[in-house]
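What follows is each chain in one-letter form.
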Amino acid sequence: MSELARKFQRDLNAGLVALVLLGVLAESDEDLYGYDIAKRLQRAREGDPLFKEGTIYPVLRSLAASGWLSSRIVPSYSGPPRRYYRITDEGRAVLAEWRSVWRETRDFVDQFTGPSPLTEASSQDA
Amino acid sequence: MNAADANMPRSIKEYLDSLRAALEGADPALIQDALSDAETHLRAECAARPGETEQAVLQSIAQSYGSPADVAAAYLEIDRTVQAALAPSPRSSASRPPSTPQGAVKRFFGVFGDPRSWTSLMLLLISLFTGIFYFTIAVLGLSLSLGLSILIIGIPFFIGFIGVSRLLGHVEGRLVEAMTGERMPRRSPAANTSGWLDRLKNIFGDLRTWTTIAYQLLALPLGVIYFSVTVTGLAMGLGLIGPGILIMLRSLALDLGLDPDLNIQIWGASPEPTSIEATLLSIATIVFGVLFLTATLHLARWLGRMHGRLAKRLLVSAAA
């Protein structure tokens, strides 16, 4: 990935990380801790991760501060204590809203950048 | 990104040092959160790959976890956005300078509408009781540790006392943040080391352990001062407003069931109970009382803010 592409990815991630984290926690039946979530995201995609694992922690914390996630600390025998997160009802409501915003945005963007002859032609120009 | 890979730290300690350097100048509580998150994650990563050296793990983490600069940027970005979202709160609007005399008046009395002034007032009032508690724990712990040090039990007792003291420091931090809005670490001070000996070494080498005890000793005298100042201020203010209202009502010839012969002195004068002087004097008394009460609230809010800063200096490690 080029440096420009990386920067574009970072800009995109600003809001998406929170959406993905809420999604991961809403899908999960059990509480998850940061490292676990990071590994789930990593497993979901081959190659370079879209998000740096280090960048999900501040987002988790800010989601918890907003009351969209609840958290508890559990001591671990194998290492440092872990903070487990669970999505709250308020978080689920936010996720539902954000999900529809994301779908609309994605469909809209796809109209212009999807695999249409128009885009193919313009990318060849460039 | 090759340059960043070359600079990628080779050990967890190096990583944390670079992260701390990258966050230089940021809020100490944010730095503590970021370091704690990173250390927890990196240690979990090392634990998950037992066959590999720390250096090998950290090199492979360069891509997945992010360089210290990337991670620092993420924390600063989120903190900035959160701060921006909180900006219209009364606390930050109160710190803006008044542009007009009207604004100044509004700002002076706006203290009643600022939740921070009431929470600060609460903090100052309970600080006497928490202060007594912290002071007792600290003095009891220190003196018993010293006294028991001739016996073998003195050592575990001292370690237990230090643990309790650190935990209390964290709880106090949460309380102070809730009451004054001063940002304190959201993580408990986890000693992120697997060996208990290393953990102990970290705890005793951590300056914050000792500043926390200092804070607990300081909590009692400060609590006494805060409590006396606020109670005096509140009593003076309310003590002027209440009787002022009574005298005014009586001066308006309302039957309050007061002894008609009761002669009240205000400001060294004892006007006729139903005279116009009594009304004017009572109004002056009420106005003075309201001003006094407002000033007390301003003082409480200011003291709360100062106390928040002090708590942060003593209870958050990166600030030391």
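Up top is the structure.
Predicted model only: the values in this text are computed from it and were never measured.

Visitor: In this structure, what is going on with the overall build of chain A? I would like to understand it.
Guide: Per the secondary structure count, chain A includes five helices and three strands. Reading chain A from its N end, one meets helices and strands in the order α-β-α-α-β-β-α-α. Residue burial in chain A is summarised as follows: out of 126 residues, 40% are buried. Within chain A, residue pairs in contact and separated by at least 24 positions form 48% of the contacts whose partners lie at least 6 positions apart. Of the accessible surface of chain A, which amounts to about 7800 Å², a share of 55% is contributed by carbon and sulfur atoms.

Visitor: Explanation requested: the overall build of chain B in the structure shown.
Guide: Check the secondary structure of chain B and you find twelve helices and zero strands. Going from the N terminus to the C terminus, chain B shows its helices and strands as α-α-α-α-α-α-α-α-α-α-α-α. Across the 320 residues that make up chain B, the buried fraction comes to 39%. Here the contacts in chain B between residues at least 6 apart in sequence split such that 72% fall between residues at least 24 apart. For chain B, the exposed area adds up to about 16700 Å²; of that, 69% sits on carbon and sulfur atoms.

Visitor: Would you explain the interface of chain A and chain B in this entry?
Guide: By convention, interface size is frequently given as the accessible area that disappears when the constituent parts associate. Each partner contributes residues to the interface: chain A has 25 residues there, and chain B has 28 residues. Along the contact surface separating chain A from chain B lie three salt bridges. For Asp33 of chain B, the salt bridge is made with Arg61 of chain A, and the minimal N-O distance between the two is 2.8 Å. Along the contact surface separating chain A from chain B lie seven residue pairs in polar contact (both at pLDDT 80 or more). Put simply, the parts of the chain that give the side of chain A that touches chain B at least two residues each are α1 (3–27), α2 (34–43), α3 (56–65) and β3 (82–87) of chain A. No other element matches α3 of chain A, which puts six residues into the side of chain A that touches chain B.

Visitor: Can you help me understand α2 of chain A in this one?
Guide: The periodicity of an α-helix, 3.6 residues per turn, causes residues three or four positions apart to be oriented the same way. Within α2 of chain A, the full set of buried residues consists of Gly34, Tyr35, Asp36, Ile37, Ala38 and Lys39 of chain A. Contacts made by the buried residues of α2 of chain A are with α1, β1 (32–33), α3 and β3 of chain A together with α3 (28–48) of chain B.

Visitor: I tried to follow the sheet that holds strand β2 (residues 69–74) of chain A on my own but got confused; where do I start?
Guide: All names here are of chain A. Taken together, three strands build an open sheet; the order of strands is β1-β3-β2 and the sheet is antiparallel. Of all the strands in the sheet, the pair left with one neighbour each is β1 and β2. With two bridges connecting them, β1 and β3 associate as antiparallel partners. What sits directly across from Tyr33, in β3, is Tyr84. Sitting on the sheet, α1 is in contact with β1, β2 and β3, with an inclination near 85° to β3.

Visitor: It is not clear to me how empty space enclosed by the protein should be interpreted in this structure. Could you clarify?
Guide: Any empty space left between atoms is shown by rolling a water-sized probe over those atoms. Residues and elements named next belong to chain B. Scanning the entire structure with this criterion turns up five cavities of 30 Å³ or more. Around the largest cavity, the lining comprises 14 residues; the ones closest to its centre are Ser127, Thr130, Glu172, Tyr215 and His307. Those elements that provide at least two residues to the lining of the largest cavity are α8 (115–148), α9 (154–180) and α11 (207–251). A total of six residues in the lining of the largest cavity trace back to one element, the largest contributor, which is α8. Its residues placed into classes, the lining of the largest cavity shows eight nonpolar, five polar and one charged.

Visitor: I'm lost on the pairing of β3 of chain A in this one. Help?
Guide: In regular strands, side chains alternate between the two faces of the sheet. Across six bridges, the pairing between β2 of chain A and β3 of chain A is antiparallel. Counted as the bridge partner of Arg72 of chain A is Tyr84 of chain A from β3 of chain A.

Visitor: Any chance you could explain the pattern of salt bridges here in plain terms?
Guide: Pairs can form between side chains of opposite charge whenever their charged atoms are close. In the structure shown here, the tally under the stated rule is 16 salt bridges over all chains. Between Arg72 of chain A and Asp31 of chain A there is a salt bridge; the shortest N-O distance is 3.0 Å. Here Arg72 of chain A, found in strand β2, pairs with Asp31 of chain A, found in the loop between α1 and β1; they are 41 residues apart in sequence, far enough to count as distant. By relative accessible area, Arg72 of chain A is classed as partly exposed at 45%. Its relative accessible area of 11% is what places Asp31 of chain A among the buried residues. Its salt-bridge partner being Asp27 of chain B, residue Lys312 of chain B comes within 3.0 Å of it at the nearest N-O pair. Of this pair, Lys312 of chain B sits in helix α12 (residues 276–315) while Asp27 of chain B sits in the loop between α2 (12–22) and α3, and the two are 285 residues apart along the sequence.

Procedures and definitions
Residues numbered from 1 in each chain as written. Chains lettered and ligands numbered in written order. Predicted model: local features only at pLDDT ≥ 70, side-chain atom pairs only at ≥ 80, totals over all residues. Heavy atoms only, no water. Helix = DSSP H or I, 4+ residues; strand = E, 2+ residues; numbered from the N terminus. Buried < 20%, exposed > 50% of the residue type's maximum accessible area, 1.4 Å probe, protein only. Contact = heavy atoms within 4.5 Å. Areas by Shrake-Rupley, 256 points an atom, 1.4 Å probe, with all protein chains shown as cover. Salt bridge = Lys/Arg side-chain N within 4 Å of Asp/Glu carboxyl O. Polar contact = N/O pair within 3.5 Å; in protein donor to acceptor, adjacent residues only side chain to side chain. Pairing = 2+ DSSP bridges. Axes fitted to C-alpha atoms, helices over the stretch in contact; angles between N-to-C directions. 1 Å grid on protein atoms, 1.4 Å probe; cavity = no way out; pocket = protein on both sides within 12 Å on 5 of 7 lines; lining within 4 Å. Points joined across faces, edges and corners; volume = space filled by probe spheres on them. Nonpolar A, V, L, I, M, F, W, Y, C, P; charged D, E, K, R; others polar.

Read these as layout, nothing more, since geometry by itself doesn't imply function.
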